[in-house]
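# Coordinates in review
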Amino acid sequence: MESLRISGLIPPCNSISNVRHSRILLLNSKVIGQQGFASLWRRGGSCRRRMSLSLRAGSVSGGNESALGGLQEEEDKKKKEKGLVLGTGRDVSGSAIGLHLIPSSGETQVIDSSGEDATTETVEDATTVTEEEADDTDEKEEALAKVTYNIVFVTSEAAPYSKTGGLADVCGSLPIALAARGHRVMVVSPRYLNGTSLDKIYASAVDLDTHVKIYCFGGEQEVAFFHQYRERVDWVFVDHPSFHRPGNPYGDIYGAFGDNQACFRFTLLCHAACEAPLVLPLGGYTYGENSLFIVNDWHAGLVPVLLAAKYRPYGVYKDARSILVIHNLAHQGVEPAATYKNLGLPPQWYGALEWIFPTWARTHALDTGEAVNILKGAIVTADRILTVSQGYSWEITTGEGGYGLHELLSSRKSVLNGITNGIDVAEWDPSSDEYIDFHYSADDLSGKVSKSVVSQKMFTIPENFPYPLLQLQVKCKVALQKELDLPVRPDCPLIGFIGRLDYQKGIDLIRLTMPEILQDDVQFVMLGSGDPQYENWMKATESAYRNKFRGWGGFNVPISHRITAGCDILLMPSRFEPCGLNQLYAMRYGTVPVVHATGGLRDTVENFNPYAQGGSGEGTGWAFSPLTKESMLGTLRVAVQTFKEHKSSWEGLMKRGMQKDFTWESSAVKYEQVFEWVFLDPPYIG
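This is a predicted model, so every value here is computed, not measured. (Residues numbered from 1 in each chain as written. Predicted model: local features only at pLDDT ≥ 70, side-chain atom pairs only at ≥ 80, totals over all residues. Heavy atoms only, no water.)

## Some words on the sheet that holds strand 11 (residues 150-154)
To be explicit about the condition: Any two strands with at least two DSSP-identified bridges between them are counted as paired. Under the scheme used here, helices are H or I runs from DSSP no shorter than 4 residues and strands are E runs no shorter than 2 residues, and both carry numbers assigned from the N terminus. Angular values range over 0 to 180 degrees, each being the angle between N-to-C directions of two axes fitted as lines to C-alpha atoms, with helices fitted over their stretch in contact. Contacts are assigned to residue pairs with any non-hydrogen atoms lying within 4.5 Å of each other.
Sheet architecture is open: nine strands sit in the order 13-14-15-12-11-18-19-23-24, paired in mixed fashion. Because the sheet does not close on itself, it has two edges, and the strands there are strand 13 (206-216) and strand 24 (416-418). Taking each pair of neighbouring strands and ignoring which way they run, the sheet shows an average axis angle of 25°. The pairing of strand 12 (residues 184-190) with strand 15 (residues 233-239) spans six bridges and is parallel. Residue pairing across strands places V188 opposite V236, the latter belonging to strand 15. Where helix 6 (residues 302-311) meets the sheet, its contacts fall on strand 11, strand 18 (292-296) and strand 19 (321-326), and the angle it forms with strand 18 comes to roughly 140°. In this fold helix 8 (residues 374-381) packs onto strand 19 and strand 23 (384-387), with an angle of close to 135° to the strand it touches most, strand 19.

## A word on the packing of aromatic side chains
The line we're drawing: Centre distance within 6.5 Å is the pairing criterion for rings of Phe, Tyr and Trp, where only the six-membered ring of Trp is used; planes under 30 degrees apart are then read as stacked, over 60 as edge-to-face, and the remainder as tilted. For every residue, the accessible area (1.4 Å probe, protein chains only) is compared with the maximum for its type, and the residue is labelled buried under 20%, exposed over 50%, or partly exposed between those bounds. Here, a charge over a ring is recorded when the distance from Lys NZ or Arg CZ to the ring centre is within 6 Å and its angle to the ring normal is within 35 degrees.
Throughout the structure, instances matching the rule amount to 24 aromatic pairs. The interplanar angle of 70° and the centroid separation of 5.6 Å between the aromatic rings of F608 and W622 together place this pair among those described as edge-to-face. A residue pair is termed long-range when its members are at least 10 positions apart, and F608 in the loop between helix 16 (599-604) and strand 30 (622-624) and W622 in strand 30 qualify at 14 residues. Accessibility assignment for this pair places F608 and W622 in one class, buried. Look at F643 and W650: their rings are 5.3 Å apart centre to centre, the planes differ by 80°, and that puts the pair in the edge-to-face class. W650 carries the same exposure label as F643, and that label is buried. Sitting over the face of the ring of Y503, R575 holds its NZ or CZ atom 3.7 Å from the ring centroid. Residue placement shows K647 over the ring face of F643; its charged tip is 4.0 Å from the ring centre.

## Overview of the state of the cysteines
Here is the rule: Any two cysteine sulfur atoms lying within 2.5 Å of each other are counted as a disulfide.
A complete count under the given rule lists zero disulfides for this structure. Note on C263: no disulfide assigned, nearest cysteine sulfur contributed by C270 at a separation of 9.4 Å. Given the relative accessible area of 1%, C263 is considered buried.

## Some points on the pairing of strand 22 (residues 370-373)
Bridge analysis of strand 20 (residues 334-336) against strand 22 gives three bridges, and the strand direction is antiparallel. Across the sheet, the residue bridging to P336 is A371, located in strand 22. Across three bridges, strand 21 (residues 354-356) lies against strand 22 in antiparallel orientation. Each residue of the ladder has a partner; that of E354, found in strand 22, is V372.

## Examining the nonpolar core
Applied cut-off: Take the buried Ala, Val, Leu, Ile, Met, Phe, Trp, Tyr and Cys residues and link them wherever side-chain atoms come within 4.5 Å; each set so joined is a nonpolar core.
Counting residues in each nonpolar core, the largest one holds 103 residues, and the members touching the most others are F225 and L353. Of all the elements, helix 5 (residues 264-279) adds the most residues to this core, at 11 residues. Contacts of L353, omitting those with residues within four sequence positions, involve L302, V305, Y340, L343, L345, A371, V372, N373, I374, K376 and G377. Grouped together as the second largest cluster of nonpolar side chains are 32 residues, L518, W537, I569 and A639 included.

## With respect to the packing of helix 3 (residues 166-180) against helix 19 (residues 664-678)
Where we set the bar: For classification, angles of less than 35 degrees are called roughly parallel, those exceeding 145 degrees roughly antiparallel, those between 65 and 115 degrees roughly perpendicular, and all remaining angles oblique. The residue classification treats Ala, Val, Leu, Ile, Met, Phe, Trp, Tyr, Cys and Pro as nonpolar and Asp, Glu, Lys and Arg as charged. All others, Gly included, are polar.
Their axes nearest at 9 Å, the elements helix 3 and helix 19 cross at an angle of 75°. Relative to helix 19, the element helix 3 is oriented roughly perpendicular. Here D169, V170, S173, L174, A177 and L178 of helix 3 come into contact with helix 19, specifically with W664, E665, A668, Y671, E672 and F675. For the contact of helix 3 with helix 19, the residue count by class is eight nonpolar, one polar and three charged.

## Thoughts on the pairing of strand 26 (residues 523-528)
The condition is simple: Consider the strands pointing away from the viewer: the crossover is right-handed when the path from the first strand over the helix to the second runs clockwise.
Within strand 26, six of the six residues are buried, which leaves it mostly tucked inside the rest of the structure. Where burial is concerned, the two faces of strand 26 agree: the one with Q523, V525 and L527 and the one with F524, M526 and G528 are both buried. As paired elements, strand 26 and strand 27 (residues 549-553) share five bridges and run parallel to each other. Residue pairing for strand 27: V525 is matched across the bridge by R550. The handedness of the strand 26 to strand 27 crossover, carried by helix 13 (residues 532-544), is right-handed.

## Some words on the confidence of the model for the protein chain
Just so we agree on the cut-off: Confidence of the predictor at the level of single residues is given by pLDDT, which spans 0 to 100.
Summary statistics for the protein chain give a mean pLDDT of 79 and a share of 74% for residues scoring 70 or more. Considering only residues more than four positions removed or in separate chains, one finds that residues 1-72, a stretch of pLDDT under 50, has 196 contacts. Contacts for the low-pLDDT stretch residues 74-142, under 50 throughout, to residues beyond four places or in other chains number 158 contacts.

## A few points about the sheet that holds strand 30
The sheet built from six strands is open, its strands ordered 27-26-25-28-29-30 with parallel pairing. Strands at the two margins of the open sheet, each flanked by one partner only, are strand 27 and strand 30. Averaged over all pairs of adjacent strands, the angle between strand axes in this sheet comes to 15°, irrespective of strand direction. In this structure, strand 25 (residues 494-498) lies alongside strand 26, joined through five bridges in parallel fashion. Pairing of I498 across the sheet is with L527, part of strand 26.

## Observations regarding the packing of helix 5 against helix 6
For the record, the criterion: Two helices that cross are described as forming a left-handed crossing if the nearer one is turned anticlockwise from the farther one by less than a right angle, and a right-handed crossing if clockwise.
Look at helix 5 against helix 6: their axes get within 9 Å of each other, and the N-to-C directions meet at 60°. Classified by the interaxial angle, the pair formed by helix 5 and helix 6 is oblique. Between helix 5 and helix 6 lies a crossing of right-handed hand. Contacts from T267, C270, H271, A273, C274, E275 and L278 in helix 5 reach L302, V303, L306, L307, K310 and Y311 in helix 6. Taken together, the residues that form the contact of helix 5 with helix 6 break down as nine nonpolar, two polar and two charged.

The following block contains the structure:
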């Protein structure tokens, strides 16, 4: 029998490249829990220690029974040899689908996750520890997925390593939630180095000493891989000189990078992402060909095209699947037709990416309008398509929201779904938020609201009123008013806006309506950066309304948390919003959202109905339509009136919003349903 000895990481090996993650751990020939390699990690406080494995892999030429039998024979011959015996399980097609670990007798070395500190323990002791972990697993059995997959996220940004928007939040949080449910998860993104302190965030990533040559743009490019294992996820960073420059991932103070526009850097990312599951032995073995790729926006859009055009014709990735996640359809990666030859694709696949601009969009009379559209190629070749909300999945099939791709997306409606993003409930938690001075929860609003009978000098209380009016004693609000040097008025409705100062966010509508908003007895706070004309407008408005308006140019994380906690109402008049996160943060903090009924805003904000549920009311905010000055102003005034005159209804709005489940764990369960669907149909082959 052919055997392979493994210690720590194993080198790439064709014979085991297709091995999938086994979740059945055999100790002393007894199944004690479905743990996979995770059960070999010991928890001690905040530290984790991992046993240094010395494995013998049975030949992949035999079946599961013969492999186990051979392993048992070899164990009998070498009974005193340290390590674990590794055998392979197979499906009906002969593909390796599982590993069975059986410890031999003797002592097994234990090291910490960094490989520095080593101790020694017996196999019997390791068995005891694993049994305890098995008990923990039984308690959490409902939280584990019934079927697990080897998942590869491909993204241009992932928090906390790189971030310019919501894409980074999704790709920094969803993989962790899926890994916690038992999946094996890798995230592939560029290793951006811009010469600032932000470079330190990659310090924990180690060079895997694996280099891959990529043929594109008329030459040969070599990329390297760096790796960090954090929160059960393999974070893989593609390294190339084109990712090392000042600025953000897409540009600097002078504008977008030239090779970004020509797709050079993201072509490298996509090719490298397709190679990573085949060549990187993470945790001891590769992800293999039977992987599920989750590609995010146009930057990763070449991945499903490459799977169909470059790999499957040669029998590689024949069982892999790809899911395209559209975060913002407005950005499609459209470049001149001449760019196609640089993408490393066969000439016959040009049609998948071919794009013709309509006559009205061409630059001159001789312009043929020919181009390549990377996102279009991904829509054509991906096995399933997701958006970041159910409402947005419908909007992109309409002429108004499809940006020229609505007909193609309509033709793929059978594989198009929407799943609302989650939020990081550890970072955005009003009961423990490090950026706010007063903490509270849905069950205890003492930090947000303190009830007291209103002074009769301020209001006249009608006789036989069913309940005393409540004066809103908002501790977080008072702290915010003091910080921004606004008059401290707990009874005055405080309205907030957090977001980019651009057309999509409806900032022009806010500017148009602001004089009429401030005619009422309200205060307004804005935080955002973007178009300089709107930043200048905020300064001018603050000068004109010193007691009512404050504008903060730029973005500040602590201030965004304090505005979310201190405001009574959050205004979001976005023209389109694939998902939206600020309204989710607001509801978690008991701040009532007033939003334009579009995309994810319409999905997540339930209109307030005071007469439902026997008069106790239902809903978490207000969603207005159409997007006009009159509609927005009218809805905002209804919210302000409810705040002032109906305190019990307002408290119900706050509590219902805070009790909503917008966790990533909830989203992960919905993603798993799509994973199941994607493997029911054969992969795209062209």
